[in-house]
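Given next are the chains, with one letter for each unit.
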Amino acid sequence: MLLLFSNTTLGPLALQNRLVMAPLTRNRATGNIPNELMAQYYAQRATVGLIITEGTSPSPNGLGYPRIPGMFSAEQIAGWKRVTEGVHAKGAKMFMQLMHCGRIAHPLNLPAGARAIAPSAVAAAGEMYTDAEGMKPNAMPGAMTAADIGATTQEYAQAPKNALAAGFDGVELHGANGYLLEQFIRPNSNQRSDDYGGSIEKRARFVLEVAEAVIKAIGRDKVGIRLSPFGVFNDMPVYDAMEADYTYLARELNARGLLYIHLVDHSPMGAPPVPDSIRAMFRSVFKGALILSGGYDAARAESDLAAGKCDLIAVGRPILANPDLVARWKSGAALNAPDFSTFYLPGPKGYTDYPALA
Ligand SMILES: Cc1cc2nc3c(=O)[nH]c(=O)nc-3n(C[C@H](O)[C@H](O)[C@H](O)COP(=O)(O)O)c2cc1C
């Protein structure tokens, strides 16, 4: 494992190895505020090079799921500060994933005064868990007005400033998995006829304006983005022009000089395959760092790094279940299996109680 466990750099940041903890929503943030349990969970996993937080909303409107954290209040900044201190003490760097759920939401999950908004008033097929009433159909979102687009962009610009105040090293825009940014990119969820919908130039506009606002707020070397070309999660069907659309996005993101692009591949979780050609396209068009994720074990991680397919490898379920994944992969020790039944439940069970090696 010459590459996976060796030091590297990500823009201005020194990383202790090339393994990244992928963003993992865990629903332990009661009241949408990070707490001591979360600080313990992240610190347990801070032997990787980079931790990307669970999806965290820049806005009350983006809190579509129960008990997910936000990054728009003083209490949230204070809670996250405890988290970054514990992670930095163990040597990892930490980025906040900014996730605005958009139409993947239910009003019962939203705080008073917040509302589900999306590019168009098109509800996503599927259901959303609520603490109050269990499973409910996804919300019918309100189509964002020009004022909503401006206000949401402002929220996206403020959250990274809050993140730096809380000690984060940067932010990752969640442009994947069917949440607000991807809802603008994809034609099924974006049926607008103004400057934000129609051609790919128009469907990409909100994402690129948000990226520019965040870059203006904290600098391009602190901003990455996660994308899921060919991803279908949250009612996002594949369509004919998908590869061309993501090639356009890769070029435009490259022109803005983002620190990294992080690609999702959920085929190991049963989703349709992601063609190798799209990963190769991102690798050649985008000159910043590339992070790949989805179904990696140590051998495949090393082999993709050695082949130059990417700069860093992100893992989700393996590190969820193995706080000391780096030590286990280094020594070839057996892994704990993830317990799906506790992924999203409040409390320490299945969260901070996965055993580490003695
Ligand atoms: C419990 C759970 C929560 C997740 N939450 C997020 C999230 O908040 N943001 C995101 O971009 N991806 C999320 N994902 C996707 C993971 O980041 C990752 O792409 C996926 O688990 C595949 O990687 P793996 O095969 O290493 O687990 C989640 C996955 C799981 C299992």
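Here, every reference points to the structure presented above.
Here the structure is a predicted model, which means the values were calculated and not measured.

Trainee: Give me the overall build of the chain: which residues, what numbers.
Mentor: What the chain contains, in helices and strands, is eleven helices and 14 strands. Over its C-alpha trace the chain gives a radius of gyration of 19 Å, about what one expects of a compact globule, namely 21 Å for 358 residues. Based on the C-alpha atoms only, the size of the chain along its principal axes is roughly 55 × 45 × 35 Å. Within the chain, contacts between residues at least 6 apart in sequence are counted, and of these 72% link residues at least 24 apart. A total of about 13,100 Å² of accessible surface is found on the chain, and carbon and sulfur atoms cover 57% of it. Between the averaged position of the 33 positive side-chain charges in the chain and that of its 32 negative side-chain charges there is a distance of 4 Å.

Trainee: Let's hear about the layout of surface pockets: which residues, and what values?
Mentor: Approximately 180 Å³ is the volume found for the second largest pocket. Among the secondary structure elements, those contributing two or more residues to the lining of the second largest pocket are α8 (276–285), β13 (289–293) and α9 (298–306). With four residues, the top contributor of residues to the lining of the second largest pocket is α8. In terms of residue class, the lining of the second largest pocket is built from five nonpolar, one polar and seven charged.

Trainee: Outline the site of the ligand, listing residues and values.
Mentor: Around the ligand lies a shell of 19 residues, among which Pro23, Thr25, Arg226, Gly295 and Arg317 are the nearest. Separating an oxygen atom of the ligand from a backbone N or O atom of Gly316 is a distance of 2.8 Å. Within the contact set of the ligand, an oxygen atom lies 2.6 Å away from a side-chain nitrogen or oxygen of Arg317. Protein chains bury 95% of the 610 Å² of accessible surface belonging to the ligand in isolation. Along the lines of polarity and charge, the residues of the shell around the ligand split into eight nonpolar, nine polar and two charged.

Trainee: Account for the side chain of Asn190, naming residues and giving values.
Mentor: By the element assignment, Asn190 lies in the loop between α4 (180–185) and α5 (200–203). A relative accessible area of 4% means that Asn190 is categorised as buried. Polar contacts involving the side chain of Asn190 include one to the main-chain carbonyl oxygen of Tyr196, which spans 2.7 Å. Apart from the residues within four sequence positions on either side, Asn190 is in contact with Pro119, Ser120, Gln183, Phe184, Tyr196, Gly197 and Arg203.

Trainee: Could you give me a rundown of the packing of aromatic side chains, with the residues and numbers involved?
Mentor: Using the criterion set out here, one finds ten aromatic pairs in the structure. Aromatic pair Tyr42 and Trp80: ring centres 6.3 Å apart, planes at 50 degrees, arrangement tilted. You can see Tyr42 sitting in helix α1 (residues 36–44) and its partner Trp80 sitting in helix α2 (residues 74–89), a full 38 residues away along the chain. The burial state of Tyr42 is the same as that of Trp80; both residues are buried. One aromatic cluster is present, formed by Tyr41, Tyr42, Trp80, Phe168 and Tyr351 through successive ring pairs. The ring of Tyr296 has Arg300 lying over it, and the distance from NZ or CZ to the ring centre is 3.8 Å.

Trainee: Give a detailed account of the environment of Ser57, specifying residues and quantitative values.
Mentor: Mapped onto the elements, Ser57 comes out in the loop between β4 (50–52) and α2. Taking C-alpha positions, Ser57 is 9.1 Å from Asn32, a pair spaced 25 residues apart along the chain. If sequence neighbours within four positions are ignored, Ser57 has contacts with Gly62, Leu63, Pro69, Gly70, Met71, Phe72 and Met99.

Trainee: Requested: an account of unusual backbone geometry, with residues and values cited.
Mentor: For Asn32, which is not a glycine, the phi torsion comes out positive at approximately 65 degrees. Among the secondary structure elements, Asn32 is positioned in the loop between β3 (19–21) and α1. One non-glycine residue with positive phi stands out, namely Asn177, at about 55 degrees. Position of Asn177 relative to the elements: it lies in the loop between β10 (170–175) and α4.

Trainee: Any details on the sheet that holds strand β5 (residues 93–98)? Residues and values, ideally.
Mentor: What holds strands together in a sheet is hydrogen bonding between their backbones, with the strands either parallel or antiparallel. Read around the closed barrel, eight strands run β3-β4-β5-β10-β11-β12-β13-β14, paired in parallel fashion. Sheet twist, expressed as the average angle between the axes of neighbouring strands with direction ignored, equals 25 degrees. As defined by bridge partners, β3 adjoins β4 across two bridges and the pair is classed as parallel. Within the sheet, the bridge partner assigned to Val20 lies in β4 and is Leu50.

Parameters at a glance
- Residues numbered from 1 in each chain as written.
- Predicted model: local features only at pLDDT ≥ 70, side-chain atom pairs only at ≥ 80, totals over all residues.
- Heavy atoms only, no water.
- Helix = DSSP H or I, 4+ residues; strand = E, 2+ residues; numbered from the N terminus.
- Rg over C-alpha atoms; globule rule 2.2 N^0.38 Å.
- Contact = heavy atoms within 4.5 Å.
- Areas by Shrake-Rupley, 256 points an atom, 1.4 Å probe, with all protein chains shown as cover.
- Lys, Arg positive; Asp, Glu negative; His and termini not counted.
- Charge placed at Lys NZ, Arg CZ, Asp CG, Glu CD.
- 1 Å grid on protein atoms, 1.4 Å probe; cavity = no way out; pocket = protein on both sides within 12 Å on 5 of 7 lines; lining within 4 Å.
- Points joined across faces, edges and corners; volume = space filled by probe spheres on them.
- Nonpolar A, V, L, I, M, F, W, Y, C, P; charged D, E, K, R; others polar.
- Near = heavy atom within 4 Å.
- Polar contact = N/O pair within 3.5 Å; in protein donor to acceptor, adjacent residues only side chain to side chain.
- Buried < 20%, exposed > 50% of the residue type's maximum accessible area, 1.4 Å probe, protein only.
- Phe/Tyr/Trp six-rings, centres within 6.5 Å; stacked < 30°, edge-to-face > 60°.
- Lys NZ or Arg CZ within 6 Å of the ring centre and 35° of its normal.
- Pairing = 2+ DSSP bridges.
- Axes fitted to C-alpha atoms, helices over the stretch in contact; angles between N-to-C directions.

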